[in-house]
Amino acid sequence: MAKHLDSHHVNLPNVESAQTKQIVYRFIMASSTLALSSPLHWTKFELSSFICNKSRSRFNFRRTQAVGISCHYSCLEVKDVYYRPPGTQLNILNGISFSLPEKSFGLIFGQSGSGKTTLLQLLAGLSKPTSGSIYIKKYRNDDKPNESPDSLLAERVGIVFQFPERYFVADNVLDEVIFGWPRQSGDLQLKEYLTLNLQRAINWVGLGGISLDKDPHSLSGGYKRRLALAIQLVQIPDLLILDEPLAGLDWKARADVVKLLKHLKKELTILVVSHDLKELATIVDQSWRMDMGGTLREEPLPV
Ligand SMILES: Nc1ncnc2c1ncn2[C@@H]1O[C@H](COP(=O)(O)OP(=O)(O)OP(=O)(O)O)[C@@H](O)[C@H]1O
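Residues numbered from 1 in each chain as written. Predicted model: local features only at pLDDT ≥ 70, side-chain atom pairs only at ≥ 80, totals over all residues. Heavy atoms only, no water.

1. Topic: the sheet that holds strand β9 (residues 239–243)
Thinking step 1. Spatial strand order, β8-β9-β10-β5-β11-β12: six strands in an open sheet with mixed pairing. Each edge of the sheet is formed by a strand with only one pairing partner; in this case those strands are β8 (157–160) and β12 (295–298). Adjacent strand axes in the sheet meet at a mean angle of 20° when their direction is disregarded.
Thinking step 2. Of the strands in this sheet, β8 and β9 are in contact with helix α6 (residues 221–233), which crosses β8 at around 165°. (Pairing = 2+ DSSP bridges. Helix = DSSP H or I, 4+ residues; strand = E, 2+ residues; numbered from the N terminus. Axes fitted to C-alpha atoms, helices over the stretch in contact; angles between N-to-C directions. Contact = heavy atoms within 4.5 Å.)

2. Considering the pattern of salt bridges
Thinking step 1. Applying the stated rule across the entire model yields 10 salt bridges.
Thinking step 2. The partner of D238 in a salt bridge is R156, with the nearest N and O atoms 3.3 Å apart. Of this pair, D238 sits in the loop between α6 and β9 while R156 sits in the loop between β7 (150–151) and β8, and the two are 82 residues apart along the sequence.
Thinking step 3. By relative accessible area, which is 10% here, D238 ends up buried.
Thinking step 4. Overall, the relative accessible area of 2% leaves R156 in the buried class.
Thinking step 5. Ionic pairing is found between E279 and R254, a salt bridge with its closest N-O pair at 2.7 Å. You can see E279 sitting in helix α8 (residues 277–280) and its partner R254 sitting in helix α7 (residues 251–264), a full 25 residues away along the chain.
Thinking step 6. In this structure, a network of salt bridges that share partners links the residues R289, D291, R297 and E299. (Salt bridge = Lys/Arg side-chain N within 4 Å of Asp/Glu carboxyl O. Buried < 20%, exposed > 50% of the residue type's maximum accessible area, 1.4 Å probe, protein only.)

Following this line, the structure appears as structure tokens:
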């Protein structure tokens, strides 16, 4: 099952299973963060040894903070995005445009098969738009935008796929969070930095009371989702994307996750695709309906 992967362009539909897709994504994010060379040739079973060996050579974990420090505020801008999967004649996304200000919560809803997940994959850098642009626009104190907007970098986007717990790869919480990190010794400063990030992410999602030795599969449904979020929060992402964050959870865990998302949106820009409109309505700042044919329009939640 050798795969040829480019960290900047992964054609997800060619990846065979959902499990491989999730693992591939996490590995790509780790390797682009670590500035490993790409494209990479690997098999699923070579993954762990690759991480241990190859990543020893260079470690360049981003030490920057999220956008919005040197400017007044920033906005995710998606402009006239079209997507046609390679080798097909069909546009799945047709002229998608929207913007989402930082530290707000956006929700995309719509019929199954309308293209919601495809859009999320473009935003996460897992596929490239056929045309159109995705960038971060920064605004100065006088509310005027900076001349040149920044691209939304794939390594600055966190994405939690549907049912993330199905793709946990480690047998303890700590290893799950640090999957893809280098295993080298030395650089005390770096280790301190990583430990701080790890600790912050764990506390942020309310997993502080859980032993890092615990088997992730033994956590409750809500805590598994917390862990999946913590993995993405180790580096504060410019955009956190969640695909059906409440799917498959019981009522208590759903309420728990909604409460956590409400807390996280104070610090993060969050974009969610969900059918659970009622439960999320209280925390949604902006919403859009995706129609069949891959078009998007702003619309209040129909709840
Ligand atoms: N690589 C591809 N080649 C051809 N068609 C594709 C490809 N990827 C996705 N599609 C099709 O594009 C459409 C949109 O899929 P997508 O998963 O984005 O929809 P969705 O709105 O997220 O659906 P759901 O709510 O069920 O998750 C579907 O009809 C899907 O079969």
